[in-house]
Amino acid sequence: TEVPARSSSPYFLIAQARVQDALIAVHTAAREMAKAGEKPTVEKLLPLAKVHLAVSADAVERVMARNQFLKRPAAVSEGATIKPGEPVAARFEGAGK
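Residues numbered from 1 in each chain as written. Predicted model: local features only at pLDDT ≥ 70, side-chain atom pairs only at ≥ 80, totals over all residues. Heavy atoms only, no water.

**Considerations on the overall build of the chain**
Heads up, the rule is: Per the convention used, a helix needs a DSSP run of H or I reaching at least four residues, while a strand needs a run of E reaching at least two, with both numbered from the N terminus. Partly exposed residues are those whose accessible area sits between 20% and 50% of the maximum for their type, while under 20% is buried and over 50% is exposed, using a 1.4 Å probe and protein chains only. For this analysis, residues touch if any pair of their heavy atoms sits within 4.5 Å.
The number of helices and strands found in the chain is 2 helices and 0 strands. Put simply, the chain has 97 residues, and 13% of those count as buried. Sequence separation of 24 or more characterises 42% of the internal contacts of the chain that already satisfy a separation of 6 or more.

Now the structure itself:
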């Protein structure tokens, strides 16, 4: 049997819900425009969509920022070659020289 496809991130459902919120907000704005007799066009709705998607992205980032495990490298221990808070790429500086 095949394993069903699934997201690799535990934040996927949160992100998906926030994008859905943005979509609903833009759809609601389009319906309100139509009710007011104004034609909802991409040019009119795109700025609103960008704002709502930015708000959604910020919401997901705030949730992710609460995860203490993402604030430091996974394998920081006594004698580690990388210090807490140091970018992982720093470990590879000068490699291959």
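**Regarding the environment of Val-63**
Within the secondary structure layout, Val-63 lies in helix 2 (residues 42-65). Distance in space between the C-alpha atoms of Val-63 and Ile-14 is 8.7 Å, their sequence separation being 49 residues. Once residues lying within four places of it in the same chain are set aside, the contact partners of Val-63 are Tyr-11 and Ile-14.

**What about the pattern of salt bridges?**
In plain terms, the rule: By convention in these notes, a salt bridge is any Lys or Arg side-chain nitrogen within 4 Å of a carboxyl oxygen on Asp or Glu.
Considering all chains together, one arrives at 3 salt bridges under this definition. The partner of Glu-32 in a salt bridge is Lys-35, and the shortest N-O contact between them spans 3.9 Å. Separated by 3 residues within a single helix, Glu-32 and Lys-35 lie in helix 1 (residues 12-35), roughly one turn from each other. With relative accessibility at 65%, the residue Lys-35 sits in the exposed group. Put simply, Glu-38 and Lys-44 hold a salt bridge, and the shortest N to O gap is 3.3 Å. Residue Lys-44 is classed as partly exposed on the basis of its relative accessible area, which comes to 36%.

**Observations concerning the packing of helix 1 against helix 2**
So the rule is basically this: The axes are straight lines fitted to the C-alpha atoms, using for helices just the contacting stretch, and the angles between their N-to-C directions are given from 0 to 180°. Any angle from 65 to 115 degrees is called roughly perpendicular, while one under 35 is roughly parallel, one over 145 is roughly antiparallel, and all others are oblique. Rotating anticlockwise by less than a right angle from the far helix to the near helix defines a left-handed crossing, while the corresponding clockwise rotation defines a right-handed one. Polar here means any residue other than Ala, Val, Leu, Ile, Met, Phe, Trp, Tyr, Cys and Pro, which are nonpolar, and Asp, Glu, Lys and Arg, which are charged; Gly is therefore polar.
At a minimum axis separation of 9 Å, helix 1 and helix 2 run at an interaxial angle of 155 degrees. Between helix 1 and helix 2, the angle is such that the two are roughly antiparallel. Between helix 1 and helix 2 the crossing geometry is right-handed. Judged by residue contacts, Ile-14, Ala-15, Arg-18, Val-19, Ala-22, Ala-25, Val-26, Ala-29, Ala-30 and Met-33 of helix 1 engage Lys-44, Leu-45, Leu-48, Ala-49, His-52, Leu-53, Ser-56, Ala-59, Val-60 and Val-63 from helix 2. Class assignment for the residues of the contact of helix 1 with helix 2 results in 16 nonpolar, 2 polar and 2 charged.

**Regarding the nonpolar core**
The test is simple: Put simply, a nonpolar core is a bunch of buried Ala, Val, Leu, Ile, Met, Phe, Trp, Tyr and Cys residues held in one set by side-chain atoms that sit within 4.5 Å of each other.
Judged by nonpolar contacts, Val-26, Ala-29, Ala-30, Met-33, Leu-45 and Ala-49 together constitute the single largest core of 6 residues. Going through the elements one at a time, helix 1 and helix 2 are the ones with two or more residues in this core. Excluding residues that lie within four positions of it along the chain, Ala-29 makes contacts with Leu-45 and Leu-48.

As far as function goes, none of this settles anything; it's purely spatial.
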